[in-house]
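Structure at a glance
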Amino acid sequence: MSDVYHAGELAVQALAGEQIVAERNGASVKSVVVKGAGSFLRTQSLTVCSTMANDGKVWCSFLTGEPGFIHVVSEKELTVTSQPATSDPIWRDLQDRPDIGLLAIDFFRRIRMRINGKGVYDGEQLRVTVEQAYGNCPKYIQKRSLQPSSGSYRRERLSHLGDALNAEQQDWIRQADTFFIGSASSERKMDASHRGGQPGFVKIEDDRTLLFPDYFGNSMYNTLGNLYSNPAAGLLFIDFNGGHSLQLSGRAETIWDKAKISRVPGAERLVRYTIDEVIHIENDTPIMWEFHEFSPASPSLS
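Residues numbered from 1 in each chain as written. Predicted model: local features only at pLDDT ≥ 70, side-chain atom pairs only at ≥ 80, totals over all residues. Heavy atoms only, no water.

Considering the overall build of the chain
Test applied: Secondary structure elements are taken from DSSP: a helix is a run of H or I of four residues or more, a strand is a run of E of two residues or more, and numbering for both begins at the N terminus. As defined in this context, the radius of gyration uses C-alpha atoms, and a globule is described by 2.2 Å times the residue total to the power 0.38. When accessible area is computed with a 1.4 Å probe and restricted to protein chains, residues below 20% of their type maximum are described as buried, those above 50% as exposed, and intermediate ones as partly exposed. What makes two residues a contact is simply this: any of their non-hydrogen atoms within 4.5 Å. Note that His is not counted, nor are the chain ends; the positive residues are Lys and Arg, and the negative ones are Asp and Glu. For charged residues, the charge sits on one atom: NZ in Lys, CZ in Arg, CG in Asp, CD in Glu.
Scanning the chain from N- to C-terminus turns up seven helices and 17 strands. A compact globule built from 302 residues would reach a C-alpha radius of gyration of about 19 Å, and the chain, at 18 Å, matches this within 12%. A principal-axis box enclosing the C-alpha atoms of the chain has dimensions of 50 × 45 × 40 Å. Out of the 302 residues in the chain, the part that is buried amounts to 54%. For the chain, the proportion of contacts with a sequence separation of at least 24, taken over those separated by at least 6, is 73%. The average position of the 32 basic charges and that of the 37 acidic charges among the side chains of the chain differ by 4 Å.

Examining helix α6 (residues 222-229)
Helical periodicity: at 3.6 residues per turn, an α-helix aligns residues three or four positions apart in one direction. Counted residue by residue, α6 has six buried out of eight residues, so it is predominantly covered. Every buried residue of α6 is accounted for by N222, T223, L224, G225, N226 and L227.

Examining the sheet that holds strand β6 (residues 111-121)
In plain terms, the rule: Between any two strands, at least two bridges found by DSSP are needed for them to pair. Lines fitted to the C-alpha atoms define the axes, with helices restricted to the stretch that makes contact. Angles between their N-to-C directions range from 0 to 180 degrees.
Read from one edge of the open sheet, seven strands run β2-β1-β5-β6-β7-β4-β3, paired in antiparallel fashion. Both edges of this open sheet fall to β2 (58-64) and β3 (70-74), since each of them pairs with a single strand only. Across this sheet, the average inter-strand angle for adjacent strands is 35°, counted without regard to direction. Sheet topology note: the β6/strand β7 (residues 125-136) ladder contains 10 bridges and is antiparallel.

Regarding the environment of A164
Inspection of the secondary structure assignment puts A164 in the loop between β9 (157-162) and α5 (167-175). Here A164 falls in the buried class, since its relative accessible area comes to 16%. Residues in contact with A164, not counting those within four places in the same chain, are Q169, D207, R208 and V278.

Take a look at the structure:
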């Protein structure tokens, strides 16, 4: 599976003892967007993006729009028509490095799809050339429904830029049931992924350090494989009720110590994340989601 997985992913698969499952699941990775996937993308209203800055920092961003804002031009190309917050680093990053990871996610149906490739922004659209495309399992996706758009415009505002979390942001993370993580291989190929759990599954160790579990997944270890070879990572927390965003850029370390892991229910590994930079944007999107229920796969924290 050397044509699907890079050295970091293969190394983590071996550490976890899941090479056989990973090889089987790797068959789902395609170099094109298949027809069924194209139909799924056309109905979506959110895509998460991972990019890398010139200084090597990884950022995780998101773009939103009414269904149809993702347009499949061909099996090798798609466009995303969206106006991101001016404070978001995605467009600046793409001017310097075209590699991008996308994650389209349907919270209500618990479906997600990853697309990795090259991205170019022309001032109005993000145009993506597809290199890898594949679906992921529904585990840990909290069920939410898209709310009707009010049609109102809300001016986005950069409310915080720094290198540590303030008290409000720490409370936000403690209550979060979902976040997204962007990572990059040693060759700087990007990936964006989803993480979900019961509120409190992300722990605050201090104002610059987070600890979160890695639960059982598809055995491909795309994210942990990237972190094995390149610790730079970006985290994204979305306020689904208010349209605000919290973006973190920093470095991640995977913890394999069984004694430490055993203290966290459901964890197969732990990830410690050290923050280098914080961007907090109010009114990042006018689109909202209503919460319905937690994923039945999410371990209880009690």
